[in-house]
Amino acid sequence: MRTNKPRIHCRDLKIVSVVYLGFLFGWLAFYLLSGDRFTIIALLNFVAIYLFVPLGLVLLVAIVCKNRWLGIGFLVGLLVLILLWGDHFIPSGEVKPADQPALRVMTYNVLAWHDFYEPILETIRFEDPDVLLIQELNTGLAGVLETELIEQYPYQVLAPVDNPEGIGVISKYPVQPGGVILPQLWAGSPQILDLEWNNQKILLVNFHLTPTDGVFPLDEEQAHIRAREKETQLLSGLASQYGAAILGGDANMPFLSDAYKIMTKNLVDAYRSVGAGLGHTFPGSTLPESDRPHIGNLFIPAWLMRIDYIFHSEEWAAISAHTAKIDGVSDLRGVVIDLVLKKSSHDSN
């Protein structure tokens, strides 16, 4: 006896493809017209690149079902993908002159809720930055840095707290507080410092912006989004008052956000300008204290988004960028940038 097996027809495939394209282009329209005004769109912006993953299936349906309109939808979606993310794969870094020194800067959220300090030290030694900007610095790690790395990093400005508000900078070059305090609700007050390097006085800012605590309630998350926008306005405004400036930290924002646009109005995202690939920095560790989302014992895949950044003023040129060695304990990985002062800026000083 023959049984009728369910069959998937082109009509069904076309309907599913049209619904998907409607959702994709709907998100795009809301994003372009409203930015982060709507909380759901703002949250989708963290993982927006994954909205384009089904495009390949749309192309397959267009070919198999010989549907021209789906083919056009695929091409439009592909064009949007290239316009939004294409420059991540076309680095434009400048070549460092042989006689010009480079400054290596690293930002690193080390996760406050653990005492596994050796992997943190190994990562720092491996990357060997000249200046290290640390977020979520707890008192235990601060003590380790002061004892274990004091010879390599004799200049340390540490403000540890046994929660995510701890922050600190260690440096091979003289660094000291600049006397500026910024208002606003941060995940730890930013450090605004003066760095002396290569006969230059440089503005150095270590920040940790207001975090995203979850999807619901939406009004609370919208408040966090607005807080990050105010914080980036303060940071961008501060940098515009100085010459050579470097600002880095855990920004808790995607590059599609309005807060990112505020930061890059007057500053350059170093990784995006010279780094290879998407440079995702979160989520990492599956320690119980980490922020890696999970359902029971099932964790979402690692390294899905980039929320850690180093920005610099136009006086600098980034020559290389990469994500740091994975330490296995933090739910974030560092970002490492090599910078040189542009010749004109160097000569003028």
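Here the structure is shown first, and the text comes after it.
Quick notes on the rules
- Residues numbered from 1 in each chain as written.
- Predicted model: local features only at pLDDT ≥ 70, side-chain atom pairs only at ≥ 80, totals over all residues.
- Heavy atoms only, no water.
- Disulfide = S-S within 2.5 Å.
- Helix = DSSP H or I, 4+ residues; strand = E, 2+ residues; numbered from the N terminus.
- Buried < 20%, exposed > 50% of the residue type's maximum accessible area, 1.4 Å probe, protein only.
- Contact = heavy atoms within 4.5 Å.
- Salt bridge = Lys/Arg side-chain N within 4 Å of Asp/Glu carboxyl O.
- 1 Å grid on protein atoms, 1.4 Å probe; cavity = no way out; pocket = protein on both sides within 12 Å on 5 of 7 lines; lining within 4 Å.
- Points joined across faces, edges and corners; volume = space filled by probe spheres on them.
- Nonpolar A, V, L, I, M, F, W, Y, C, P; charged D, E, K, R; others polar.
- Pairing = 2+ DSSP bridges.
- Core = buried A, V, L, I, M, F, W, Y, C linked by side-chain atoms within 4.5 Å.
- Polar contact = N/O pair within 3.5 Å; in protein donor to acceptor, adjacent residues only side chain to side chain.
- Phe/Tyr/Trp six-rings, centres within 6.5 Å; stacked < 30°, edge-to-face > 60°.

**Student:** Could you give an account of the state of the cysteines, with specific residues and numbers?
**Tutor:** Overall, the coordinates contain one disulfide when judged by the stated rule. One disulfide bridge connects Cys10 with Cys65, the sulfur atoms lying 2.2 Å from each other. Disulfide Cys10-Cys65: the torsion about the S-S bond is -95°, which places it as left-handed. You can see Cys10 sitting in helix H1 (residues 10-34) and its partner Cys65 sitting in the loop between helix H3 (55-64) and helix H4 (68-85), a full 55 residues away along the chain. When its relative accessible area of 12% is taken as the criterion, Cys65 is described as buried.

**Student:** Please provide a residue-by-residue account of the environment of Ile120, values included.
**Tutor:** The residue Ile120 is located in helix H5 (residues 117-127) in this model. Separated by 66 residues in sequence, Ile120 and Pro54 place their C-alpha atoms 38 Å apart. In this structure, Ile120 is in contact with Tyr108, Val110, His114, Leu141, Asp327 and Val329, ignoring residues within four places of it in sequence.

**Student:** Run through the pattern of salt bridges, naming residues and quoting values.
**Tutor:** For the structure shown, the criterion picks out 12 salt bridges. Salt-bridge contacts for Arg272 lead to Asp87; the nearest nitrogen and oxygen are separated by 2.9 Å. With Arg272 in helix H9 (residues 270-274) and Asp87 in the loop between H4 and strand E1 (103-109), the pair connects residues that are 185 residues apart, well separated along the chain. Of the charged contacts in the structure, one is a salt bridge between Glu118 and Arg125, with a shortest N-O distance of 3.8 Å. Put simply, Glu118, Arg125 and Glu148 are held in one network by salt bridges that share partners.

**Student:** I'd like a rundown of the layout of surface pockets, residues and numbers included.
**Tutor:** In this structure, the largest pocket occupies an estimated 790 Å³ of space. Lining the largest pocket are 29 residues, with Thr212, Phe282, Asp291, Pro293 and Met305 positioned closest to its centre. Within the lining of the largest pocket, the residues separate by chemical class into 18 nonpolar, five polar and six charged.

**Student:** Summarise the pairing of E1; cite the residues concerned and give the values.
**Tutor:** Here E1 lies mainly inside the structure; six of its seven residues are buried. Taken together, the five bridges between E1 and strand E14 (residues 335-341) define a ladder with antiparallel strand orientation. Counterpart to Leu103 in the pairing with E14 is Leu339. Pairing of E1 with strand E2 (residues 131-135), which is carried by five bridges, proceeds in the parallel orientation.

**Student:** Hey, could you go over the nonpolar core for me, with residue numbers and the actual values?
**Tutor:** Core analysis: the largest hydrophobic core is formed by 43 residues, its most contacted members being Trp27, Leu235, Leu247 and Met253. When contributions to this core are tallied by element, the ones reaching two or more residues are H1, H3, H4, strand E7 (200-208), helix H7 (218-240), strand E8 (245-250), helix H8 (258-263) and strand E12 (308-312). Looking at this core element by element, the count peaks at six residues for H1. Not counting chain neighbours up to four residues away, the residues in contact with Trp27 comprise Ile41, Leu44, Asn45, Ala48, Leu51, Phe52, Leu84 and Leu256. Counting 25 residues, the second largest nonpolar core, distinct from the first, contains Val175, Ile310, Val335 and Ile337.

**Student:** Could you give an account of the sheet that holds E12, with specific residues and numbers?
**Tutor:** Ordered in space as E5-E6-E7-E8-E12-E9, the six strands form an open sheet in which the pairing is mixed. On the outer flanks of this sheet lie strand E5 (175-177) and strand E9 (268-269), each paired with one strand and no other. Summarising the sheet, E8 and E12 pair through five bridges and their orientation is antiparallel. Its bridge partner being in E12, Ile246 is matched across the sheet by His312.

**Student:** How would you explain unusual backbone geometry if you had to name every residue and give the values?
**Tutor:** The linkage connecting Phe282 with the following residue, Pro283, adopts the cis geometry, with an omega of -5°. Tracing the backbone through its elements, the reader meets Pro283 in the loop between H9 and strand E10 (294-295). Its identity as a non-glycine residue notwithstanding, Lys66 has a phi of 50°, on the positive side. Counting through the fold element by element, Lys66 comes out in the loop between H3 and H4. Residue classification places Lys66 among the exposed positions, given a relative accessible area of 74%. Despite not being glycine, Glu136 has its phi angle at roughly 60°, a positive value.

**Student:** Give a detailed account of the side chain of Gln191, specifying residues and quantitative values.
**Tutor:** Relative to the helices and strands, Gln191 is located in strand E6 (residues 191-197). Among the polar contacts made by the side chain of Gln191, one reaches the main-chain carbonyl oxygen of Val157 at a distance of 3.0 Å. Ignoring any residue separated from it by four or fewer positions in sequence, one finds Gln191 in contact with Val157, Leu158, Ile167, Gly168, Val169, Leu204, Val205 and Asn206.

**Student:** I'd like a description of the packing of aromatic side chains, backed by residues and values.
**Tutor:** A full pass over the atoms with the stated rule returns 10 aromatic pairs. Between the aromatic rings of Tyr260 and Phe311, the centroid separation amounts to 6.2 Å while the plane-to-plane angle is 55°, which identifies the pairing as tilted. Linking Tyr260 in helix H8 with Phe311 in strand E12, this pair joins segments that are 51 residues apart in sequence. One exposure class covers both Tyr260 and Phe311, and it is buried. Aromatic side chains Tyr309 and Phe311 sit 5.4 Å apart centroid to centroid with 15° between the ring planes, which places their arrangement in the stacked category. As far as the burial class goes, Tyr309 and Phe311 line up, both buried.

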